[in-house]
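Residue-level structural notes
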Amino acid sequence: MRHITTLYSVAAAFLFAFISVACGEDEEVLTPNETFVDKFDIPASASGPEADLKREFYARNGSYLIFNDTLSAVRDASGNLKVETVDFEWSLTSSGDDTDEWEFFETIEEQRAAAEIVKKHILPYIKDGAMRPYSVLPFKSIVTSSGKIVYYKDNWRCFGVNLAEIMPAADDAERKALVLDMFKRIYKGKYSSSSEEADPFHEVCAEYSGEYICDYFPEWEDERDMEIIYSLGYISYKTNKKPYNEKFLTKSNDYTDFVNLVFDNTTEEVYAKYGRYEKIILKYEMIKALVEKVGIKI
């Protein structure tokens, strides 16, 4: 038995040495022999106002700025044109056909204005989190084939934002509201009311979800005391002309209430209004944490 064990040990040692040598040889074979070229970067040979704008944007914000979806267009040795695009429908796990219709900013004046909007009103919410974009493509407009507005497009290497409504807004306050509405859409696309991550939020008010208020608090019919609503962790309820038909919110409506609370108010405003209601603040902080997990900082 000892002899057999020794043979196994020698064989194992030989196999380990063989694998180590093989790996070493593979490393030499796999050594890249071409310099990687980042198609999002601005070529050193590029000059002019647009190239200067892109370089300045990257230097200040750490994200590349592009103004169309074509990254490169070159002919190979056979004369065939090879075009590489951003391709928003492609990811590491899926691909598809993009049927949206879009318009780019063409003049340098438009491009400068678009870059300023992105820098001032969009990047501050995402530049320090998981959503920090590798590159940004501001669109003049994006619509579906049926004419419906597309607010943003993204994949792992580019965030495209539709500035059709944001840029002509009356003032910065209106722009902020439009930008936050876009980020709210992004958040809801990541975490819905039925997401597993929302389960702890729902547990806070699970006992009352969708129930008649008067079944638990008969005095509601005469008083409609909002202290009842707030103390249980809700910020609204399902109204009715007859108080005895009014209900606590369902899980999905309650979730929507708090998502709006996070995106439509500052933390100071929320605490000023609801700070003494422990369950409201608990739920607010839960949603706020999920928003930050997505990479959006309100």
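Everything quoted here is computed from the prediction, not taken from an experiment.

Criteria and cut-off values
Per-chain numbering applies: the sequence of each chain, read as written, is numbered from 1 onward. Totals for whole chains, interfaces and linings use all residues, but because this is a predicted model, local features are given only for residues with pLDDT of at least 70 and pairs of side-chain atoms are given and counted only at 80 or more. Only hydrogens and water are set aside when side-chain values are computed; all heavy atoms of the structure are taken into account. Here a helix means four or more residues in a row that DSSP labels H or I, a strand means two or more in a row labelled E, and each is numbered from the N terminus. Only protein chains enter the calculation, and the probe is 1.4 Å; a residue is then buried if its accessible area is under 20% of its type maximum, exposed if over 50%, and partly exposed in between. Here, two residues are considered to be in contact whenever any of their heavy atoms come within 4.5 Å of each other. The protein chains shown are the only cover counted for residues, whose accessible areas, like all others here, come from Shrake-Rupley with a 1.4 Å probe. Residue count minus one, scaled by 1.5 Å, sets the expected span of a helix. Axis definition: a line fitted to C-alpha atoms, over the contacting stretch in the case of helices. Angles run 0 to 180 degrees between N-to-C directions. When describing relative orientation, an angle under 35 degrees is termed roughly parallel and one over 145 degrees roughly antiparallel, while 65 to 115 degrees is termed roughly perpendicular and anything else oblique. Handedness of a helix crossing follows the sense of rotation of the near helix relative to the far helix, less than a right angle counterclockwise being left-handed and clockwise being right-handed. For the purposes of these results, a polar contact is taken to be a pair of N or O atoms within 3.5 Å, where, inside protein, one atom must be able to donate a hydrogen and its partner to accept one; residues adjacent in sequence count only when each atom of the pair is a side-chain atom. For this analysis, a ring pair means two rings from Phe, Tyr or Trp (six-membered ring only for Trp) whose centres lie within 6.5 Å, classed as stacked if their planes differ by under 30 degrees, edge-to-face if by over 60, and tilted for the remaining angles. A positively charged side chain is recorded as over a ring if its NZ (Lys) or CZ (Arg) lies within 6 Å of the ring centre. The angle to the ring normal must also be within 35 degrees.

**Description of the overall build of the protein**
On a plain count of helices and strands, the protein comes out with eleven helices and seven strands. Within the protein, buried positions represent 36% of all 298 residues. Across the protein, every contact between residues at least 6 apart in sequence was considered, and the portion connecting residues at least 24 apart equals 61%. Surface exposure of the protein reaches about 18,200 Å², of which carbon and sulfur atoms provide 52%.

**Remarks on helix α11 (residues 278-294)**
Here α11 spans 25 Å end to end across 17 residues, near enough to the 24 Å set by a 1.5 Å rise per residue. All buried positions along α11 are accounted for by Ile280, Ile281, Lys283, Tyr284, Ile287, Lys288, Leu290, Val291 and Val294. Elements that come into contact with the buried residues of α11 comprise α4 (172-190), α5 (199-203), α8 (226-232), α9 (251-264) and α10 (267-274). One or two residues past the end of α11 sits Gly295, with phi positive at roughly 115°.

**Some words on the packing of α4 against α9**
In contact at an axis separation of 10 Å, α4 and α9 are set at 140° when each is read in the N-to-C sense. Regarding the angle of α4 to α9, the classification is oblique. For the pair α4 and α9, the sense of crossing is right-handed. When α4 is examined against α9, the residues Leu180, Phe183, Lys184, Tyr187 and Lys188 are found in contact with a partner set consisting of Tyr255, Thr256, Val259, Asn260, Phe263 and Asp264.

**With respect to the side chain of Asp100**
Examined against the element boundaries, Asp100 turns out to sit in the loop between β3 (81-85) and β4 (101-104). Within the local environment of Asp100, its side chain forms a polar contact with the side chain of Lys153, the two groups lying 2.7 Å apart. When near neighbours in sequence (up to four residues on either side) are disregarded, Asp100 contacts Ile142, Val143, Thr144, Val150 and Lys153.

**Looking at the packing of aromatic side chains**
Aromatic rings in a pair are described by how distant their centres are and how their planes are angled relative to each other. For the coordinates displayed, the defined rule picks out 21 aromatic pairs. For the pair Tyr125 and Phe183, a centre-to-centre distance of 5.7 Å together with 55° between the ring planes defines the contact as tilted. Residue Tyr125 is found in helix α3 (residues 108-126), and its partner Phe183 is found in helix α4; the two are separated by 58 residues along the sequence. Under the relative-accessibility criterion, Tyr125 is labelled buried at 14%. Among the aromatic residues, ring-to-ring pairing joins Phe40, Tyr58, Tyr64 and Tyr134 into one connected group. It is Arg185 that lies over the ring of Tyr151; its NZ or CZ is 3.9 Å from the centre. Just above the ring of Tyr234 sits the side chain of Lys283; from NZ or CZ to the centre is 4.9 Å.

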